[in-house]
Amino acid sequence: MWPNNSLLGPCFRPTNITLEERRLIASPWFAASFCLVGLASNLLALSVLAGARQGNSHARSSFLTFLCGLVLTDFLGLLVTGAIVVSRHAILFDWHTVDPSCLLCHFMGVVMIFFGLCPLLLGAAMALERYLGITRPFSRPAASSQRRAWAMVGLVWAAALAVGLLPLLGVGRYTVQYPGSWCFLTLGTEPGDVAFGLLFVLLGSLSVGLSFLLNTVSVATLCHVYHGQEAAQQRPRDCEVEMMAQLTGIMVVATVCWMPLLVFIAQTVLRTPPLMSPAGQLPRATEKQLLIYLRVATWNQILDPWVYILFRRAVIRRLQPRLSARARPLSLRPQLTQGPMLQ
C-alpha cells in the first residue's frame, strides 16, 4: 500500500491530473468508436469462419479452430475492457469513489493481462500446429485434430488466466493508470512488481520468438516443396500456402503491436535509478508513453480478424485471377489413392 494512500485500496498511486486534463485525454467518442470497429471486425471474421468450417480437410479444420479461438478471444477482450473504459470516459467517474476497495481495478488488471497474453500464446500454438502439419503430416491422427486444437486453445486460456491471477496472490500489483481510466501491472521497483512485469514480458517475447522461428521453418519447407518437381506433381499446396500467409500476417501484426509495449515494460522495471518514486509516482512522460504503447497493442485485436478476412483464397483470386486456375484445395499430404506410390 502506498504511504500517502493508507485510507484507500492498494491499487491507488499518487496522481496529479485535473478533471479538465482528463476530459482532453479521455474522449468517450474515440474509445466507443475504437471498440465498435473492433467488435464489428471480429463479428465479421466469426461469421466468415462459420461458413469456412464446412467441408474442410482435417488440417484446415484444426487451423480454423485456432483462428476461431483467437477471434473469439479478441472479441471478448474488446467487449469487456471497452465496457469499462468507455463508461469511465463517458461519465468521468472517480475511481477512488466508485471502487475504493479495488475490486474493479483488480478485475480489469486480470482481464488486461489475460487478453494481452492470449493472442500471443495462441499465435505460438498456431505456429506449432502448422509446423507439425507441414513437416510431419503423418505424425498425428487426423480424426482428433479438431478436438486437440480446442484442447490447446483451452490450455492457452488457462495459462493466461493463471498468470493474470498472480498479483491477487501477492506477486506484483495492479494499479490505476494514467489518466485514471484503466488498470494494469505496476511499473515499480518492488521485487514482486519487477518479477511480474518481467514474467509478462518474457512470455510475450518468447511467444513472438517461437512463432517467428516455427513460421520461418514452415515457410522454408513450403518453398522447398513448391520448387521440387516430384513434389509439384504429387503434393498440392494451395491450402497450406493460404494458412501460412494468414499465420504470417497474424505474427507480423502481433509483433508490431506488442513488442513496443513489452520492450517499454522491461526497460522501465529494470531501469537504474528507478523511474517510480517511493511514493508510487511515475514521471508524466512515462505514464503517457505507457498509454500510447497500450493503445498500439490494442490494435492487435482489431487487425487480427482482418488478416484472416483478407488473406483468403477467395479474396486473393479476385485480386489475382490467375490463381483461380487451380482446380481443388491443396494439401501437403501425398495422394496415396492416385498415381504411383511415393518413394
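Residues numbered from 1 in each chain as written. Predicted model: local features only at pLDDT ≥ 70, side-chain atom pairs only at ≥ 80, totals over all residues. Heavy atoms only, no water.

Draft legend 1. Spotlight on the overall build of the protein. Within the protein one finds 11 helices and two strands. Taken from N to C terminus, the helices and strands of the protein fall in the order α-α-α-α-α-α-β-β-α-α-α-α-α. A buried classification covers 48% of the 343 residues belonging to the protein. Considering only contacts in the protein between residues 6 or more positions apart, those separated by 24 or more positions represent 81%. Taken as a whole, the protein presents about 16,500 Å² of accessible surface, with 68% of it coming from carbon and sulfur. (Helix = DSSP H or I, 4+ residues; strand = E, 2+ residues; numbered from the N terminus. Buried < 20%, exposed > 50% of the residue type's maximum accessible area, 1.4 Å probe, protein only. Contact = heavy atoms within 4.5 Å. Areas by Shrake-Rupley, 256 points an atom, 1.4 Å probe, with all protein chains shown as cover.)

Draft legend 2. The packing of aromatic side chains, seen in detail. Counted according to the given criterion, the structure contains seven aromatic pairs. Seen in terms of ring centroids, Tyr174 and Phe196 are 6.0 Å apart; in terms of plane orientation they differ by 85°. Their pairing is edge-to-face. Of this pair, Tyr174 sits in strand 1 (residues 174-177) while Phe196 sits in helix 7 (residues 191-227), and the two are 22 residues apart along the sequence. Tyr174 gets classed as buried once you look at its relative accessible area, which sits at 2%. On the numbers, 5.2 Å between centres and 55° between planes, the contact of Phe264 with Tyr293 is tilted. (Phe/Tyr/Trp six-rings, centres within 6.5 Å; stacked < 30°, edge-to-face > 60°.)

Draft legend 3. Structural detail: the pattern of salt bridges. Taken as a whole, this structure holds four salt bridges when the rule is applied. Among the salt bridges present, the one from Arg13 reaches Glu287, with a minimum N-O distance of 3.7 Å. Residue Arg13 is found in the segment before helix 1 (19-25), and its partner Glu287 is found in helix 10 (residues 284-310); the two are separated by 274 residues along the sequence. Its relative accessible area of 7% is what places Glu287 among the buried residues. Put simply, Arg13, Arg284 and Glu287 are held in one network by salt bridges that share partners. (Salt bridge = Lys/Arg side-chain N within 4 Å of Asp/Glu carboxyl O.)

Draft legend 4. Expanded view of the UniProt feature "transmembrane region" (unreviewed entry) in the protein. In the numbering used here, UniProt assigns the feature "transmembrane region" (unreviewed entry) to residues 29-51, 63-86, 106-128, 149-174, 194-226 and 247-270. As annotated, residues 29-51 has a helix share of 100% and a strand share of 0%, and its two end C-alpha atoms lie 33 Å apart. (UniProt positions renumbered as here; feature names shortened; annotations may be inferred.)

Draft legend 5. Main features of the environment of Leu120. Inspection of the secondary structure puts Leu120 in helix 5 (residues 103-135). Residues in contact with Leu120, not counting those within four places in the same chain, are Gly204, Ser207, Val208, Ala254, Trp258 and Leu262.

Draft legend 6. The side chain of Glu287, seen in detail. At a separation of 3.2 Å, a polar atom in the side chain of Glu287 contacts the side chain of Arg284. Setting aside anything within four residues of it in sequence, one finds Glu287 in contact with Arg13, Tyr178 and Leu282. (Polar contact = N/O pair within 3.5 Å; in protein donor to acceptor, adjacent residues only side chain to side chain.)

Draft legend 7. How the structure looks around the nonpolar core. Counting 79 residues, the largest nonpolar core has Trp95, Ile113, Phe200 and Ile265 as its most contacted members. With 17 residues, helix 5 is the single largest residue contributor to this core. Counting five residues, the second largest nonpolar core, distinct from the first, contains Leu39, Phe75, Leu78 and Ile302. (Core = buried A, V, L, I, M, F, W, Y, C linked by side-chain atoms within 4.5 Å.)

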